[in-house]
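# Architecture and fold: a report
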Amino acid sequence: MMNKILILICCFSVFCIRAQKNSMSQFKYDIELKDNPDDVVKVRLKIKNASLSNDIFQFVSSAPGTYQIIDMGRFIKNLKAYDGKGKIIATEKIATNQWKISKPKKVAEIYYEVADTWDADVKEQYFYSFAGMTLEKDHALINSYCIIGYFSDYEKADYKLSFHYPKEWSVGTSAKINENGYYEFNSFAQLADSPFLFGRLSKASFIYDEIPYTIYVYSQNDEIAAGNIKGLFENAVRANTKFIKKRLPVDHYTFLVDAEKFNIRGTLEYSNSSVYVMPEKDLSDTEFHDNIMTDAAHELFHLVTPINVRSEYISNFNFASPKASEHLWLYEGTAEWASDIMMLRNGTFNLPRYLEQLSEKLTISEKFDSKYSISQLALNCYTETGRGQYENIYHRTVIALDMIDIMILDMSDGKRGLREVILELNNMYGKDKPFEEKNFFSVFTKMTYPEVGVFLDKYIKNTEVMPIEKIFEKVGVKYTKERKTGDQVLSVGYELFIPDGKIKIRYVTPELKKMGLEDYDEFVSFNDIETRLDNQAEWLGKFAILKPNESYVLKVKRDEKIITVPCKVITVDQVEKHIFEMLENPNERQKKLQECWTKNL
Ligand SMILES: [Zn+2]
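Please read all numbers here as calculations on a predicted model, not as lab measurements.

Analysis parameters
Residues numbered from 1 in each chain as written. Predicted model: local features only at pLDDT ≥ 70, side-chain atom pairs only at ≥ 80, totals over all residues. Heavy atoms only, no water. Pairing = 2+ DSSP bridges. Helix = DSSP H or I, 4+ residues; strand = E, 2+ residues; numbered from the N terminus. Donors = N, O, S within 2.8 Å, 3.2 Å for Na, K, Ca; no water. Tetrahedral: all angles 85-135°; square planar, octahedral: opposite > 155°, others 65-115°. Expected span 1.5 Å × (residues − 1). Buried < 20%, exposed > 50% of the residue type's maximum accessible area, 1.4 Å probe, protein only. Arc of directions from axis to C-beta. Contact = heavy atoms within 4.5 Å. Salt bridge = Lys/Arg side-chain N within 4 Å of Asp/Glu carboxyl O. Axes fitted to C-alpha atoms, helices over the stretch in contact; angles between N-to-C directions. Parallel < 35°, antiparallel > 145°, perpendicular 65-115°, else oblique. Left-handed = near helix turned anticlockwise from the far one by under 90°. Nonpolar A, V, L, I, M, F, W, Y, C, P; charged D, E, K, R; others polar. Polar contact = N/O pair within 3.5 Å; in protein donor to acceptor, adjacent residues only side chain to side chain. Phe/Tyr/Trp six-rings, centres within 6.5 Å; stacked < 30°, edge-to-face > 60°. Domains from an automatic or database assignment. Core = buried A, V, L, I, M, F, W, Y, C linked by side-chain atoms within 4.5 Å.

The next subject is the sheet that holds strand 7 (residues 98-101). If you trace the 4 strands from one edge of the open sheet to the other, you get 6-7-3-11, paired in antiparallel fashion. Single-partner strands in this sheet number two, and they are strand 6 (91-95) and strand 11 (150-151). Pairing geometry for strand 6 and strand 7, over 4 bridges, is antiparallel. Each residue of the ladder has a partner; that of Glu 92, found in strand 7, is Lys 100.

Moving on, we come to the coordination of the zinc ion. All of the protein donors around the zinc ion are His 298 (NE2), His 302 (NE2), Glu 332 (OE) and Glu 332 (OE); their distances to the metal are 2.0 to 2.8 Å. Taken together, the 4 donor atoms surrounding the zinc ion define angles of 52 to 143 degrees at the centre, an arrangement classified as irregular. Linear spacing of the donor residues for the zinc ion on their chain is H-x3-H-x29-E. Of this pair, His 298 sits in helix 4 (residues 286-301) while Glu 332 is found in helix 6 (residues 328-345), placing the two residues 34 residues apart along the sequence.

The end-to-end C-alpha separation of helix 13 (residues 450-461) is 15 Å, in line with the 16 Å expected for 12 residues at 1.5 Å each. Taken together, the buried positions of helix 13 are Val 452, Gly 453, Phe 455, Leu 456, Tyr 459 and Ile 460. The arc enclosing the buried residues of helix 13, seen along the axis, measures out at 160 degrees, which places them on a common side. Residues of helix 13 that are buried sit in contact with helix 6, helix 8 (374-379), helix 10 (396-411), helix 12 (440-447) and helix 14 (468-472).

Looking now at the side chain of Gln 68. By the element assignment, Gln 68 lies in the loop between strand 3 (56-58) and strand 4 (76-83). In this structure Gln 68 comes out as buried when scored by relative accessible area, which is 3%. When neighbours within four sequence positions are excluded, Gln 68 is seen to be in contact with Ser 61, Ser 62, Tyr 126, Phe 127, Tyr 128, Cys 381, Tyr 382 and Arg 387.

Looking now at the pattern of salt bridges. This model, assessed by the stated rule, comprises 35 salt bridges. Of the charged contacts in the structure, one is a salt bridge between Arg 44 and Glu 109, with a shortest N-O distance of 2.7 Å. Placement of the pair is Arg 44 in strand 2 (residues 40-48) and Glu 109 in strand 8 (residues 107-115), with a sequence separation of 65 residues. For Arg 44, a relative accessible area of 34% puts it in the partly exposed group. Taking the relative accessible area as the measure of exposure, Glu 109 reaches 18% and is therefore buried. A salt bridge links Arg 345 to Asp 405, with the nearest nitrogen and oxygen atoms 3.0 Å apart. Here Arg 345, found in helix 6, pairs with Asp 405, found in helix 10; they are 60 residues apart in sequence, far enough to count as distant. We note that Arg 345, like Asp 405, is buried. What you see here is one network of salt bridges that share partners, running through Asp 410, Asp 413, Lys 474, Arg 589 and Lys 592.

What follows deals with the packing of helix 10 against helix 17 (residues 588-597). Between two packed helices, what matters for the description is the angle formed by their axes and the separation of those axes. It is the contact of helix 10 with helix 17, at a shortest axis distance of 10 Å, that shows an interaxial angle of 120 degrees. Accordingly, the angle class assigned to the pair helix 10 and helix 17 is oblique. Crossing angle aside, the handedness with which helix 10 passes helix 17 is right-handed. Across the interface between the two elements, Asp 402, Asp 405, Ile 406, Leu 409 and Asp 410 from helix 10 touch Arg 589, Leu 593, Cys 596 and Trp 597 from helix 17. Its residues assigned to classes, the contact of helix 10 with helix 17 shows 5 nonpolar, no polar and 4 charged.

Moving on, we come to helix 17. Along helix 17, the residues that are buried comprise Gln 590, Leu 593, Cys 596 and Trp 597. Buried residues of helix 17 fall within an arc of 125 degrees about the axis and therefore sit on the same side. Structurally, the start of helix 17 carries an N-cap: the backbone nitrogen of Arg 589 is 3.2 Å from a side-chain oxygen of Asn 587.

Here we come to the packing of aromatic side chains. Across all of its chains, the model carries 53 aromatic pairs by this definition. Pairing Phe 188 with Phe 319 gives two aromatic rings, centres 5.0 Å apart and planes at 90 degrees, and the pair type is edge-to-face. One end of the pair, Phe 188, is in helix 2 (residues 188-192); the other, Phe 319, is in the loop between helix 5 (312-315) and helix 6, with 131 residues separating them in the sequence. Phe 319 shares its class with Phe 188; the two are buried.

A separate point is the sheet that holds strand 4. Overall, mixed pairing links the 7 strands, which are arranged 5-4-8-2-1-12-14 in an open sheet. Looking at which strands have only one partner, the edges of the open sheet turn out to be strand 5 (88-89) and strand 14 (183-185). Pairing of strand 1 (residues 26-32) with strand 12 (residues 158-164) involves 7 bridges; the strand directions are parallel. Bridging from a neighbouring strand, Gln 26 pairs with Asp 158 of strand 12.

Where helix 3 (residues 226-244) meets helix 4, the closest approach of the two axes is 8 Å, and the angle between their N-to-C directions is 40 degrees. With respect to helix 4, the axis of helix 3 lies oblique. Here the hand of the crossing between helix 3 and helix 4 comes out right-handed. Residue-level inspection shows Ile 229, Leu 232, Phe 233, Asn 235, Ala 236, Val 237, Asn 240, Phe 243 and Ile 244 of helix 3 in contact with helix 4, the latter providing His 289, Ile 292, Met 293, Ala 296, Ala 297, Leu 300 and Phe 301.

The next subject is the domain arrangement of the protein chain. In terms of domains, the protein chain is made up of domain 1 (17-129 + 141-188), domain 2 (200-303) and domain 3 (493-568). Relative placement of domain 2 and domain 3: their C-alpha centres are 38 Å apart.

This part takes up the environment of Val 575. Examined against the element boundaries, Val 575 turns out to sit in strand 28 (residues 570-582). Sequence-wise, Val 575 and Glu 560 are 15 residues apart; in three dimensions their C-alpha atoms are separated by 34 Å. Not counting the four nearest positions on each side in its chain, Val 575 is found in contact with Glu 482, Arg 483 and Lys 484.

The two faces of strand 15 (residues 196-199) match: Phe 196 and Phe 198 on one face and Leu 197 and Gly 199 on the other face are all buried. In the sheet, strand 10 (residues 139-142) pairs with strand 15 via 4 bridges, with the strands oriented antiparallel. Within strand 15, the residue paired with Leu 141 across the bridge is Leu 197. Sheet analysis places strand 13 (residues 170-172) next to strand 15, joined by 3 bridges and oriented antiparallel. Residue pairing across strands places Val 171 opposite Phe 198, the latter belonging to strand 15.

Along the chain, the position of Ala 378 falls in helix 8. Between the C-alpha atoms of Ala 378 and Trp 329, which are 49 residues apart in sequence, the distance is 7.8 Å. Non-local contacts of Ala 378, meaning those with residues more than four positions away in its chain, are made with Ala 324, Ser 325, Glu 326 and Leu 328.

Quick look at the nonpolar core now. Counting 172 residues, the largest nonpolar core has Ile 110, Tyr 112, Phe 255, Phe 472 and Trp 597 as the members making the most contacts within it. For this core, the element with the highest residue contribution is helix 6, accounting for 11 residues. Both domain 1 (17-129 + 141-188) and domain 2 (200-303) contribute no fewer than three residues apiece to this core. Excluding residues that lie within four positions of it along the chain, Phe 255 makes contacts with Phe 206, Tyr 213, Thr 214, Ile 215, Tyr 216, Phe 233, Val 237, Ser 274, Tyr 276, Ala 296 and Leu 300. The next biggest cluster of nonpolar side chains, apart from the first, holds 21 residues, and it includes Val 492, Ile 529, Trp 539 and Cys 567.

Right, dumping it as structure tokens:
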């Protein structure tokens, strides 16, 4: 008993000393963004009062909200450490993201360069551009965790960043600058929570519920101005505020948009801002226009989860060695579900438009492995196979969540749905009050119905075939898996899917089997164009313009051998898939539930 108390006291005093020391230590980074012909960011870190207790200089392996391995150490070059007199201290790269400093107590300065992650030729562990950083002649998009190295004992120390950039550039960020030109943070996590956009930016702002919102846009050819998309962000804020039934939990908020001539679209959430990487397209393109709005709605909903409602794995995020949380269905799934259904419920989308989106999600989800569960893809998101399945979180999960919503509405007789449960969770948990990773499914089941627990078990944790038809019928919507239209269409005679990060072939028709293809052949090339995931646009475009009976040559990999297969375009019956239609004569119960489902209660 006595021993225990003594140990406790010891631990407590050690903790105090460390906490005190960390708060006295200061890490000041000067970041050079100009005169960089090689697109590298040059960083000079000055360390004050540290007399460092740990000798490992660390770069992040991942960051909150990315659910991917980033391994920034791969992009760090020319790292050098100096003592107070400017003498070099020996350093050694000991792991992908770690440099060992030989005399940590003497270190006063560390210099390193960070390569542009968009340009770098990364063959393995490719990660989403919006999670990385880019520096070009006229702009830079910087997720701060990409460029800042740190000592893990000092994650709670003071961090100061100063950026040096061309005079004509402006800065978009939610971080506050002090009178000496430094952005100040009181922990590495807070620093990592603040992205920056620099360059020739347009700016627009609005106030909603007394919260100032600012939009900064870099548009490669000045085709998209902040003022032109302001209304879309405003609508996303309005829809979210109505959906969560209260003022959004921020005192200011910043949208950072990088629009360029590419076919990439991706977004990332932060506590007071969000990053949007998008193609520079004409806003008259309705799909593009709607995407900006729903993407913003998705990012804003992240203020509920995972920024507020989250497991301890996310709350105490380990940047060096991230621990995967199984509850991606909640963080990414509900954000995706909410961003669409809030647009239906505030009248921006009508029901047929919403149903069309569900159909599209089911069609896309078929490209992924139907035997790979949502739980599995969450738990394995930091692995190669998990990454290959990751995107299904935005497709299959949304259908499952719509079904959970309908089940809860049905069983509560229209008094409560998924939205109400999430809002209760939002009140129960908080940034510093995470839920327990291990028992969250049972918490969620207790808050709803045992049937919901069974559903989570069958369709989130496992991969049974979802009873879509039966559940959507409750809200007067008829679901048909597939039906022939009576027309004939051109077909390649197989489907592509991505079971484990590799592009494979399935549903090969008898005609194509005769030509030499087999199910599960791996796609290698199409008419001598290599068929990889990162050059999809190049070869899929060529596929799309094939003519009736046109011949082409595929190379596929089967049992580790490359096989050349001459193929021909064939004609098949046209089949419509995943059709959601409103019932012509819904009964009173269906009408009532549809009313509850399509409105915010
Ligand atoms: Zn998200």
